[in-house]
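Okay, here's what each chain looks like letter by letter:
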Amino acid sequence: EEHIAGAKGSPGAGSPLRIFSQAKKKINEIFAELDSQVKESTSFLQRISSGIIPVDLNLVEDVQKRHGKIRGISEMVKRDHMKVVFFGRTSNGKSTVINAMLRDRILPSGIGHTTNCFIQVEGTDDVEGYAMKEGSTERYGIKSVTSLSHALSGEHLSEESLVRLAWPKSKCFLLREDVVLVDSPGIDVTPDTDTWIDKYCLDADVFVLVANAESTLMQAEKNFFHKVASKLSKPNVFILNNRWDASANEPEYMEEVRQQHLARNLEFLNKELAGISREQALERVYFVSAKEVLLTYQKREKGEPVNPGMFPEGYLMRMQDFETFERKFQETLSESAVRTKFEHHTTQGKEIVKGMRSLLETVFDTASTLRNTQGDEKRRQESVLQMKSTHYQSLKNEYKEKVDGLCRKAAEEIVRGFKE
Ligand code: GTP
Ligand code: MG
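From a predicted model like this one, the values you see are computed outputs, not experimental measurements. (Residues numbered from 1 in each chain as written. Chains lettered and ligands numbered in written order. Predicted model: local features only at pLDDT ≥ 70, side-chain atom pairs only at ≥ 80, totals over all residues. Heavy atoms only, no water.)

Draft legend 1. Examining the overall build of the protein more closely. If you tally the helices and strands in the protein, you get 12 helices and nine strands. A globule of 420 residues ought to have a C-alpha radius of gyration of about 22 Å, yet the protein, at 38 Å, is considerably larger. Each of the 420 residues in the protein was classed as buried or not, and the buried ones make up 43%. For the protein, the share of sequence-separated contacts (at least 6 apart) that also reach a separation of at least 24 residues comes to 77%. Carbon and sulfur atoms make up 52% of the accessible area of the protein, which totals about 23600 Å². Treating the 60 positive side-chain charges of the protein as one cloud and the 63 negative ones as another, the clouds have centres 6 Å apart. (Helix = DSSP H or I, 4+ residues; strand = E, 2+ residues; numbered from the N terminus. Rg over C-alpha atoms; globule rule 2.2 N^0.38 Å. Buried < 20%, exposed > 50% of the residue type's maximum accessible area, 1.4 Å probe, protein only. Contact = heavy atoms within 4.5 Å. Areas by Shrake-Rupley, 256 points an atom, 1.4 Å probe, with all protein chains shown as cover. Lys, Arg positive; Asp, Glu negative; His and termini not counted. Charge placed at Lys NZ, Arg CZ, Asp CG, Glu CD.)

Below, the structure written as structure tokens:
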């Protein structure tokens, strides 16, 4: 495992995301232990209920039910992951941001309305990627971005339908750490986003709003998150003001525009969504260029040098902002996922243990009472025996005395007979 995810120098080594995988491993172990304990208790109860102690059969059934529950939770824990969903208007660069985070051009991106349904990117242990359409088990082998485009074209996919893209974990550390990234069609392509929220957002740990730094935050984008916040208390929202490289074209307005965006973003996160403080909100807003980040990361992966001179002015600052975003994003994602996903399992686990304990205590009490009554009976029998044996002893003595007397008498008579 170290070999895959935690090798020194790999991006995953010091990542806060590891907290999630470590917690998941621990919880898995605890539930495996619980599983064997309950299994043992079940066979114990079955054994004693067949004669030794009169155990209520409902209790045995109860334990079996708990066993089933533990199995269910263990399965759920195995499937638990950290989920991040990306939203924003068409062409703001959602797919490019995800590609940058995956370190390669995996999702189709381009001018115009490109992403026409939800795409969920998740890790696979297979060496090659594949895509699966919602409700089908047919796998489309994916080697490159063009093969994904082919798999997605052809039959019509509705906007709210989902394509799952399983991508080799070996190629991306986010996927290795159980992160699932969901790309969406532009928020402006449909007026009905309620279904989207119900289908894809209720179990999301983090939302990334990919905004366009060349325009202002749109009402459609804000409304969407208002709806999200009405269904999910305090959603974790990050805002990426993307295409910030375009600001280099007008350097004289750059700082002014940045302050304007920042003020509006903070107002939205802190006052409108009212989920977080202004200080926290400051850590949720970034000015980036996903296109540059993707190019840079692709070069880095190949071990090629990156020349900042080939990018518009301010490149290093935009890169730095993206790296800070990634770090903060990982912290929030891991923290939220551990809290929301595992807290529930832990509470359920505790309930089961509490129930098992009281159940076994009942059996113990029954056994103790039985032992006490059996002890009483034993003592009674012992005293009867004692009494009987004293009685016999005294009878024996009496008898002995009588026999002795008789013998003495007989002997005396015999002696007398001889004399006579
Ligand atoms: P839809 O899927 O259609 O909703 O769009 P999207 O939000 O996924 O945008 P996508 O990633 O496809 O990007 C749209 C276009 O913008 C592509 O041509 C990208 O190369 C370009 N692009 C993305 N990010 C940036 C950026 O930071 N700067 C610049 N200059 N171009 C960008
Ligand atoms: Mg897209």
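This is not the end of the story, as more comes after the structure.
Draft legend 2. Here's a closer look at empty space enclosed by the protein. Scanning the entire structure with this criterion turns up two cavities of 30 Å³ or more. The computed volume of the largest cavity comes to approximately 60 Å³. Lining the largest cavity are K234, P235, V237, L269, L273, G275, I276 and R284. A breakdown of the residues in the lining of the largest cavity according to their chemical character gives five nonpolar, one polar and two charged. (1 Å grid on protein atoms, 1.4 Å probe; cavity = no way out; pocket = protein on both sides within 12 Å on 5 of 7 lines; lining within 4 Å. Points joined across faces, edges and corners; volume = space filled by probe spheres on them. Nonpolar A, V, L, I, M, F, W, Y, C, P; charged D, E, K, R; others polar.)

Draft legend 3. Geometry of the site of ligand 1. Lining the immediate surroundings of ligand 1 are 22 residues, of which K94, T96, T114, T115 and R243 lie closest. Residue G93 places a main-chain N or O atom 2.9 Å away from an oxygen atom belonging to ligand 1. Protein contact buries 90% of the 650 Å² of open area that ligand 1 shows by itself. Every element with two or more residues in the shell around ligand 1 is listed here: α4 (94-102) and α11 (290-302). Along the lines of polarity and charge, the residues of the shell around ligand 1 split into two nonpolar, 15 polar and five charged. (Near = heavy atom within 4 Å. Polar contact = N/O pair within 3.5 Å; in protein donor to acceptor, adjacent residues only side chain to side chain.)

Draft legend 4. Up close: the nonpolar core. Among the nonpolar cores identified, the biggest contains 67 residues, and F86, L165, L181, V208, F322 and F325 are the most heavily contacted of them. With 12 residues, the single largest contributor to this core is helix α12 (residues 315-419). By size, the runner-up hydrophobic cluster in this structure holds 33 residues, among which are V180, C201, A211 and L262. (Core = buried A, V, L, I, M, F, W, Y, C linked by side-chain atoms within 4.5 Å.)

Draft legend 5. Broad picture of the coordination of the magnesium ion (ligand 2). In this structure, S95 (OG) and T115 (OG1) serve as the protein donors to the magnesium ion (ligand 2), at separations of 2.0 to 2.1 Å. One end of the pair, S95, is in helix α4; the other, T115, is in the loop between α4 and β2 (118-124), with 20 residues separating them in the sequence. Judged by relative accessible area, which is 10%, T115 ranks as buried. (Donors = N, O, S within 2.8 Å, 3.2 Å for Na, K, Ca; no water.)

Draft legend 6. Examining the sheet that holds strand β7 (residues 206-212) more closely. Pairing within the open sheet is mixed, and its nine strands lie in the order β4-β3-β5-β2-β6-β1-β7-β8-β9. Of all strands in the sheet, those bounded by a partner on one side alone are β4 (140-142) and β9 (285-287). Across the sheet, the axes of successive neighbouring strands diverge by a mean angle of 25°, strand direction being ignored. In this sheet, strand β8 (residues 237-242) lies alongside β7 in parallel orientation, the contact comprising six bridges. Across the sheet, residue L209 finds its bridge partner in β8, namely I239. Here helix α7 (residues 194-201) sits on the sheet and contacts β1 (82-87), β2, β5 (162-168) and β7; the angle it forms with β1, its principal contact strand, is near 160°. (Pairing = 2+ DSSP bridges. Axes fitted to C-alpha atoms, helices over the stretch in contact; angles between N-to-C directions.)

Draft legend 7. Region of interest: the side chain of S15. Mapped onto the fold, S15 is located in the loop between α1 (2-6) and α2 (17-49). At 2.9 Å, the side chain of S15 and the backbone nitrogen of L17 are in polar contact. Here S15 is in contact with F173 and Q330, once residues within four sequence places are set aside.

Draft legend 8. Here's a closer look at the pairing of β5. Judged by how many residues are buried, β5 sits mostly within the fold: six of seven residues are covered. Bridge count between strand β3 (residues 129-133) and β5: four bridges; the pairing is antiparallel. The residue bridging Y130 from the neighbouring strand is A166, located in β5.

Scope: geometric values only; no functional claims are made or implied.
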